[in-house]
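Structural overview
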Amino acid sequence: MSEKELVRFKIDGLEVEAERGSMLLPVALDYGFEIPHLCHHEAVSPYGACRLCLVEVTKNGRTRMTTSCTYPVEDVIEVSTDTDQIRRARRLLLELLLARSSRAELIQRVAKEAGVTETRFKAVDDDCILCGLCERVCREVVEANAISFVNRGDRKEVAPPFWDPMACIACGACVYICPTDCIKMEEKGDERTIVRWKRTLKMQKCKSCGKPFAPLFQLNWIIDKASLPKDFYDVCPVCKQMG
Amino acid sequence: MENTQLEKILKNYQYQDFNLLAILQDIQAIENYLPRGTLEELAKRLDLPLARIYKLATFYRAFSLTPRGRHLVTVCTGTACHVRGAALILDTLERELEIKPGETTPDREYTLETVNCLGSCALAPLLIIDSKYHGKMLGTKALSLLKGEEKDVSEGS
Ligand code: SF4
Ligand code: SF4
Ligand code: FES
Ligand code: FES
């Protein structure tokens, strides 16, 4: 067994320790510090898109603001999670987010918590905050690579290539991870639709109980990837467990 | 693009996906745009997700996913050019070519684009045809320039 290497540093005056290589944000959250964050999820790699998780890090007498989700912990640093400067920067970010996604409940809540209820920016009205969690989970966890960021500037969005969702297996991982709930999934009869990507797939019916339980395309994809026997998913996991 | 032609490009780059950008540039240079079929074939041959290729293809301004014309006509609509009448020039061109910015004429002769300030505001309003700057533009002058009838006196950038 290899001994995990620990680093020690301070957050708001409190001595903390963490494994080398971990990012600051999850460590701080574990210690109970409250840092708003919208594009971080433990299942996928950090990306630093929303910039809400700003903290001030002092190292060798120099202080700078940085996103904590992308900052690897180091010995002897001192972290401040709540300064005037951070609050000011965060309020500006939230005003921008509020302008973009004023209808998203999560954004309203996070903004309110930071004391932001109004925005001076022009409303865009898109629930997608471009956090990129969906495309990361699809790429890194599901490995379907069905969607990605496309275009740039004010036309930037997440989309399947050519808006053709041919690689989407309708697994629903993106639906689950989207913080603003703007990727919807519908199941009608034996069909499942991922609404945002316009993907509809037929579901496999369980040979035992008869209930549709997962998209056929997804099951074949898993069978292919994991070299499972062809009949591996003939019965649903529930029936399988009951044997 | 013919598969044999794509093959040649790929061979040039040893089928390495870190050369993806250069490969796309080569395709763009030959076809004047990135045809969907070619990108799909490319994804297959390099064993790359199409989503990754598409992401690059839509990120860089140098790439186009729709066919481009032989001539690129760009109207600067930056602030300086705007107050000096860029909108009128654009209107005239849209009417004459019967396309909107970002589109290409059906005969693939012209593609119309707009751009946000090229740092030559002194020449405003600015029209660029195939990377050649034409300053102090007027709608009528733009048309004759297109038809190659008039030599622009304020030419050069
Ligand atoms: S539902 Fe489709 S887009 Fe979403 S994670 Fe699964 S494969 Fe990717
Ligand atoms: S769709 Fe949801 S998860 Fe994907 S980028 Fe937009 S807000 Fe984030
Ligand atoms: S959580 Fe760190 S930038 Fe979004
Ligand atoms: S606004 Fe057209 S060149 Fe500056």
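Looking at the sheet that holds strand β10 (residues 199-205) of chain A
In a beta sheet, neighbouring strands are held together by backbone hydrogen bonds and run either parallel or antiparallel to one another. Residues and elements named next belong to chain A. Spatially, 4 strands are ordered β8-β9-β10-β11 in an open sheet, and the strand pairing comes out antiparallel. A single partner strand is all that each edge strand has here, and the edge strands are β8 (185-188) and β11 (212-215). In this sheet, adjacent strand axes meet at a mean angle of 30 degrees when their direction is disregarded. Inspection of the sheet shows β8 paired to strand β9 (residues 191-194) by 4 bridges, in the antiparallel sense. Bridge pairing in β9 links Met-185 to Ile-194. Lying over the sheet, helix α6 (residues 216-226) contacts β9, β10 and β11, oriented at roughly 60 degrees with respect to β11.

So, the sheet that holds strand β4 (residues 132-134) of chain B
Residues and elements named next belong to chain B. Ordered in space as β2-β1-β3-β4, the 4 strands form an open sheet in which the pairing is mixed. Of all strands in the sheet, those bounded by a partner on one side alone are β2 (110-115) and β4. Within the sheet, the average angular offset between the axes of one strand and its neighbour, ignoring direction, is 20 degrees. Pairing of strand β1 (residues 71-76) with β2, which is carried by 6 bridges, proceeds in the parallel orientation. Within β2, the residue paired with Val-73 across the bridge is Leu-112. Contacting β1, β2 and β3 (127-129), helix α6 (residues 86-97) runs over the sheet at an angle of about 150 degrees to β1. Helix α7 (residues 139-146) rests against β1, β2, β3 and β4 of the sheet, and its axis sits at about 5 degrees to β3.

Considering the domain arrangement of chain A
It is common to give the size of an interface as the accessible area that goes away when the parts come together. Residues and elements named next belong to chain A. Entries for chain A in the domain assignment read domain 1 (6-113) and domain 2 (133-241). Taken over C-alpha atoms, the centre of domain 1 sits 31 Å from the centre of domain 2. Listed as interface residues are 12 residues of domain 1 and, on the opposing side, 11 residues of domain 2. Taken together, the two surfaces of domain 1 and domain 2 that pack against each other cover about 900 Å², and 61% of this comes from carbon and sulfur. Taken as a group, His-41, Val-44 and Tyr-47 account for 49% of the area that domain 1 buries against domain 2, more than any other trio of residues on that side. The interface formed by domain 1 and domain 2 holds 0 salt bridges in total. Taken together, domain 1 and domain 2 are joined by 3 residue pairs in polar contact (both at pLDDT 80 or more). Each residue belonging to the side of domain 1 that touches domain 2 can be placed in one class, and the counts come to 9 nonpolar, 3 polar and no charged.

A short note on the pairing of β11(A)
Bridge count between β10(A) and β11(A): 3 bridges; the pairing is antiparallel. Within β11(A), the position partnered with Met203(A) by the bridge is Pro215(A).

Some details on helix α4 (residues 50-59) of chain B
What sets the pattern is the α-helix's 3.6 residues per turn: residues three or four places apart point alike. The set of residues buried in α4(B) consists of Leu50(B), Ala51(B), Ile53(B), Tyr54(B), Ala57(B) and Thr58(B). An end-on view of α4(B) places all buried positions within 160 degrees of arc, on one side of the element. Buried residues in α4(B) make contact with β6 (148-150) of chain A together with α2 (20-31) and α3 (36-46) of chain B.

Concerning the interface of chain B and chain A
Facing 13 residues of chain B, the contacting portion of chain A comprises 13 residues. Linking chain B to chain A there are 1 salt bridge. Between Arg36(B) and Asp164(A) there is a salt bridge; the shortest N-O distance is 2.7 Å. Our enumeration of links across chain B and chain A arrives at 4 residue pairs in polar contact (both at pLDDT 80 or more). Counting residues per element, the ones that place at least two in the side of chain B that touches chain A are α3 and α4 of chain B. Taken together, the residues that form the side of chain B that touches chain A break down as 8 nonpolar, 1 polar and 4 charged.

Structural notes on the nonpolar core
All names here are of chain A. Counting residues in hydrophobic clusters, the biggest one holds 41 residues, and the most contacted among them are Leu-38, Ile-183 and Trp-197. For this core, the elements supplying multiple residues, two or more each, are α2 (84-100), α3 (105-113), α4 (133-142) and α5 (173-177). Broken down by element, this core gets its largest block of residues, 5 residues, from α4. If you count residues domain by domain, this core takes at least three from each of domain 1 (6-113) and domain 2 (133-241).

The rules we used
Residues numbered from 1 in each chain as written. Chains lettered and ligands numbered in written order. Predicted model: local features only at pLDDT ≥ 70, side-chain atom pairs only at ≥ 80, totals over all residues. Heavy atoms only, no water. Pairing = 2+ DSSP bridges. Helix = DSSP H or I, 4+ residues; strand = E, 2+ residues; numbered from the N terminus. Axes fitted to C-alpha atoms, helices over the stretch in contact; angles between N-to-C directions. Contact = heavy atoms within 4.5 Å. Domains from an automatic or database assignment. Buried area = accessible area lost by both parts, 1.4 Å probe. Salt bridge = Lys/Arg side-chain N within 4 Å of Asp/Glu carboxyl O. Polar contact = N/O pair within 3.5 Å; in protein donor to acceptor, adjacent residues only side chain to side chain. Nonpolar A, V, L, I, M, F, W, Y, C, P; charged D, E, K, R; others polar. Buried < 20%, exposed > 50% of the residue type's maximum accessible area, 1.4 Å probe, protein only. Arc of directions from axis to C-beta. Core = buried A, V, L, I, M, F, W, Y, C linked by side-chain atoms within 4.5 Å.

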